[in-house]
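# Observations on the model geometry
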Amino acid sequence: MTKAQNPLSDPKNRSQETTLVHGGTVRSQHGETSEALFLNSGFVYPDSASAERRFSNQEPGYIYSRFSNPTVEMFQQRLALLEGAEAARGLATGMAAVTTALMSQVRAGDHVVASRALFGGCLYVIQDYLPRWGVETTLVDGRDPANFEAAMRQNTKAVFIETPTNPTLELVDIAAVAAIAHAHGAKLIVDNVFATPVLQSPLALGADLVCYSATKHIDGQGRVLGGAILGSKELINGDIHTFIRQTGPSMSPFNAWVLLKGIETLPLRVKAATETATRIAEFLGNHPNIERVIYPHHKDHPQLELAKRQMKGGSTLVAFEVKGGQEAAYRVADALAIVVISNNLGDAKSIITHPRTTTHQRFTEEQRAEMGIRPNLLRLSVGLESTDDLIADLAYGLEQA
Ligand SMILES: *Cc1c(COP(=O)(O)O)cnc(C)c1O
């Protein structure tokens, strides 16, 4: 029996952990252990005829790193294996991924429906930029699929959702919205940053495209920006590839190389942080200085049934409302010794955010009320520190509330 006959030579017979360490690796003639960093913009051809064949797609091979690079390709292959997607593309940032996914699917005269509780940048692209280019948009309360059905029009080409939402961790029923979008001939695009590919699989639930900010859990160590789009070969190698090739929101090979190493430990990190977040939500739910805890797998979440059906875990984020208003929320955050104040998430370091005065500052009080962002709301991104230390830190902070 040879290695080629070993069933484990076929990636299909490997489990997720194995795939994330080895998947997509292509070694150069030097046989390096870790993936090589091809930090180059262009490629040379053996002769003119070969260059001609590559440009006409008759010969495989790299042409220019704006749209193809060996290190970026390894990142794409590995992420596609994790997501169970036919194909993937890496992008410069999460916002480049979301913008590319949307722009590649619409033209002037089309219509887009989106849930209104979105990451700030996504909301800006949908609410401000798309209309400037002649694309009408309708924002709906994403918690009830019937709202999407009511908003669909003849010219609706795309539905865009984020679930769980930032920062109030509300859920959108991906399978139900996918069925509605498809019944109207529209594509469903899901921003899956908060759930991560480890806890939620939008493509398996019917989504056409999934977007990531790789800056968050995929790097997970606060080093680089990155983004990704995954879906069918037809969409990714077609509309998405052409948009990236012609407009250039491309991923840097250096960032792809950092992110490749991030994927190797992604399930370990997400599972550990999710376990800690589950315990923290439990602790906060029982604390006398807390008005409300919001966590998708906590017994008090209003969409618990959907959360259990759609997500393998409650995520690495916990939101909570402190008794005593904004001043009390500030006192809690300012008293923490381990948890840092920042607006990033999905990091090894635990991070606390006061959404009203930072990420959602530009909205009116009325808009924030619609999104459920109250003055006493804090969003906690749980990291990899000891669970006991984090709970002790929060207990100390809450005593100061
Ligand atoms: C951070 C984030 C983005 C944007 O990603 P960047 O890498 O910062 O551009 C988009 N959507 C969600 C849900 C995010 O959390």
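Residues numbered from 1 in each chain as written. Predicted model: local features only at pLDDT ≥ 70, side-chain atom pairs only at ≥ 80, totals over all residues. Heavy atoms only, no water.

With that settled, the discussion passes to the state of the cysteines. Throughout this description, disulfide means a covalent bond between two cysteine sulfur atoms. For the structure shown, the criterion picks out zero disulfides. Of all cysteine sulfurs in the structure, the one in C211 sits closest to C122, which takes part in no disulfide; the separation is 7.9 Å. (Disulfide = S-S within 2.5 Å.)

Okay, the pairing of strand β3 (residues 136–140) next. Two strands pair when backbone bridges link them, and strand β2 (residues 111–115) and β3 are joined in this way by five bridges, in the parallel orientation. Of the residues in β3, the one forming a bridge with S115 is V140. Chirality of the crossover, the property in question, places the unit of β2, helix α5 (residues 120–132) and β3 among those that are right-handed. (Pairing = 2+ DSSP bridges. Helix = DSSP H or I, 4+ residues; strand = E, 2+ residues; numbered from the N terminus. Right-handed = clockwise from strand over helix to strand, strands pointing away.)

Strand order across the open sheet formed by five strands is β8-β9-β12-β11-β10, with mixed pairing between neighbours. The sheet terminates laterally at β8 (290–294) and β10 (340–341), the two strands that pair on one side only. One ladder, built from three bridges, connects strand β11 (residues 351–353) with strand β12 (residues 377–381); its direction is antiparallel. If you follow T353 over to β12, its bridge partner there is R379.

Residues L102, F160, I189, L209 and I229 are the most contacted members of the largest nonpolar core, which totals 38 residues. Where this core is concerned, the elements lending two or more residues are β1 (87–91), α4 (94–103), β2, α5, β4 (156–162), β6 (209–213), α9 (233–247) and β9 (317–322). Each of domain 1 (14–263) and domain 2 (266–399) gives at least three residues to this core. Look past the residues within four positions of L102 in its chain and what remains in contact with it is V112, V125, I126, F160 and I189. Listed in part, the 27 residues of the second largest apolar core include V72, L82, A88 and M251. (Core = buried A, V, L, I, M, F, W, Y, C linked by side-chain atoms within 4.5 Å. Buried < 20%, exposed > 50% of the residue type's maximum accessible area, 1.4 Å probe, protein only. Domains from an automatic or database assignment. Contact = heavy atoms within 4.5 Å.)

Turning next to the sheet that holds β1. Think of a sheet as strands paired side by side through backbone hydrogen bonds, with each pair either parallel or antiparallel. If you walk across this open sheet you meet the seven strands as β1-β7-β6-β5-β4-β2-β3, and the pairing is mixed. Looking at strand neighbours, the two that pair on one side only are β1 and β3, the edges of this open sheet. Taken over all neighbouring pairs, the strand axes of this sheet differ in orientation by 20 degrees on average, direction set aside. Lying on the sheet, α4 is in contact with β1, β2, β4, β5 (187–191), β6 and β7 (227–231); it crosses β6 at an angle near 160 degrees. Of the strands in this sheet, β1, β5, β6 and β7 are in contact with α9, which crosses β1 at around 25 degrees. (Axes fitted to C-alpha atoms, helices over the stretch in contact; angles between N-to-C directions.)

Let's shift gears to the site of the ligand. As a structural note, the neighbourhood of the ligand is formed by 13 residues, with G94, D191, S213, T215 and K216 the closest of them. In the complex, the protein chains occlude 91% of the 380 Å² of accessible area that the ligand would expose alone. In the shell around the ligand, the residues fall into five nonpolar, five polar and three charged. (Near = heavy atom within 4 Å. Areas by Shrake-Rupley, 256 points an atom, 1.4 Å probe, with all protein chains shown as cover. Nonpolar A, V, L, I, M, F, W, Y, C, P; charged D, E, K, R; others polar.)

For the rest of this paragraph, the subject is the pattern of salt bridges. Under the counting rule described, the total for this entry stands at 23 salt bridges. The residue E59 makes a salt bridge to R54 at a minimum N-O spacing of 3.1 Å. Salt-bridge contacts for E136 lead to R153; the nearest nitrogen and oxygen are separated by 3.0 Å. Pair noted here: E136 is in strand β3 and R153 is in the loop between α6 (145–151) and β4, with a separation of 17 residues, a long-range link. Each of R116, D141, R143, E170 and E370 takes part in a single network of salt bridges with overlapping partners. (Salt bridge = Lys/Arg side-chain N within 4 Å of Asp/Glu carboxyl O.)

In short, shape yes, function no, at least from these values alone.
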